[in-house]
Amino acid sequence: MEITSKSLHHANIVFVFEENKFVMPDNSAILSLYKGQIAGGANFADDVTLRAKVLDLPRLKIQISVEPYRLRIDNNSQQELGGMMLVKEAIAVYRQLFPKTPLTGFGFNFDIYYQFKEVLMIKNFFARFVEPQI
């Protein structure tokens, strides 16, 4: 199968913390991450039920989510990796919100769309994983 094009659809970075050393940051700490024009149009949500705090920054085209034991920074720009500031922003947010909290891990997630020269039949695609009969 020949690939004719590929493009980045979505990317994020996730930091995972030790459960017993994680302290959820105050709303004021999250809201003070960005100031001035760059923070224009920002939206903040504190969902007590989900125990999650989300700061959406449309001018930077990123979204910061703090959940129990996890920090996630999503790139909403749909730019290729060389054109986005995801890694730089993610590290800055981590250092500001969790300067003394040890990590247990971190990861990069990428959703990439591929276009093939030939049409891929869905039945052929899943034939290796699923029995053809129910």
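Residues numbered from 1 in each chain as written. Predicted model: local features only at pLDDT ≥ 70, side-chain atom pairs only at ≥ 80, totals over all residues. Heavy atoms only, no water.

Asks: What should I look at first to understand the pattern of salt bridges in this one?
Replies: Side chains that differ in sign of charge can pair as their charged atoms come close. This structure, assessed with the given rule, holds 5 salt bridges. The partner of Glu67 in a salt bridge is Arg70, with the nearest N and O atoms 2.7 Å apart. We classify Arg70 as partly exposed; its relative accessible area is 29%. When the shortest N-O distance is used, the salt bridge between Asp74 and Arg72 registers 2.7 Å. (Salt bridge = Lys/Arg side-chain N within 4 Å of Asp/Glu carboxyl O. Buried < 20%, exposed > 50% of the residue type's maximum accessible area, 1.4 Å probe, protein only.)

Asks: Explanation requested: the environment of Phe22 in the structure shown.
Replies: Along the chain, the position of Phe22 falls in the loop between strand 1 (3-17) and helix 1 (27-31). Exposure remark for Phe22: the relative accessible area of 14% places this residue in the buried category. Sequence-wise, Phe22 and Pro102 are 80 residues apart; in three dimensions their C-alpha atoms are separated by 8.5 Å. Ignoring sequence-local partners within four residues, the contact set of Phe22 consists of Phe17, Val66, Glu67, Pro68, Tyr69, Arg70, Phe98 and Thr101. (Helix = DSSP H or I, 4+ residues; strand = E, 2+ residues; numbered from the N terminus. Contact = heavy atoms within 4.5 Å.)

Asks: Is there a simple way to explain helix 2 (residues 86-97) in this structure?
Replies: Each α-helix turn comprises 3.6 residues. Residues three or four places apart therefore point the same way. Taking 1.5 Å as the rise per residue, helix 2 with 12 residues should run 16 Å; its terminal C-alpha atoms sit 16 Å apart, in good agreement. Taken together, the buried positions of helix 2 are Leu86, Glu89, Ala90, Val93, Tyr94 and Leu97. Here the buried residues of helix 2 occupy an arc of 130 degrees about the axis, which is enough to place them on one side. Every exposed residue of helix 2 that faces more than 90 degrees away from the buried side is listed here: Lys88 and Arg95. (Expected span 1.5 Å × (residues − 1). Arc of directions from axis to C-beta.)

Asks: Is there a simple way to think about the environment of Gly105 in this case?
Replies: Along the chain, the position of Gly105 falls in strand 6 (residues 103-116). Note: C-alpha distance between Gly105 and Phe17 (88 residues apart in sequence) is 7.1 Å. If we ignore the near neighbours within four places in the chain, the residues touching Gly105 are Val14, Phe15 and Val16.

Asks: Help me out: how do you make sense of the nonpolar core in this one?
Replies: For soluble globular proteins, nonpolar side chains are generally found buried alongside one another. Ranked by internal contacts, the top residues of the largest apolar core, which has 21 residues, are Phe15, Leu33, Ile64, Leu71, Ile73 and Phe98. Elements supplying a minimum of two residues to this core: strand 1, strand 3 (52-57), strand 4 (62-67), strand 5 (70-75) and helix 2. In terms of residue count, helix 2 provides more of this core than any other element does, 5 residues in total. Look past the residues within four positions of Leu71 in its chain and what remains in contact with it is Ile13, Val14, Phe15, Phe17, Ile64, Ser65, Val66, Val93, Tyr94 and Phe98. (Core = buried A, V, L, I, M, F, W, Y, C linked by side-chain atoms within 4.5 Å.)

Asks: Honestly, a nonpolar patch on the surface in this entry has me stumped. Any pointers?
Replies: A cluster of nonpolar side chains, Ile3, Val87, Ile91, Leu103, Phe106, Phe108, Phe110, Ile112 and Tyr114, forms an exposed patch at the surface whose accessible area comes to about 810 Å². Looking at the nonpolar patch, the element that brings in the most residues is strand 6, giving 6 residues. Of note, Leu103 is situated in strand 6. (Patch = residues over 30% accessible without salt bridge, like charges linked within 9 Å, V, L, I, M, F, W, Y side chains within 5 Å. Areas by Shrake-Rupley, 256 points an atom, 1.4 Å probe, with all protein chains shown as cover.)

Nothing here speaks to function; it is geometry throughout.
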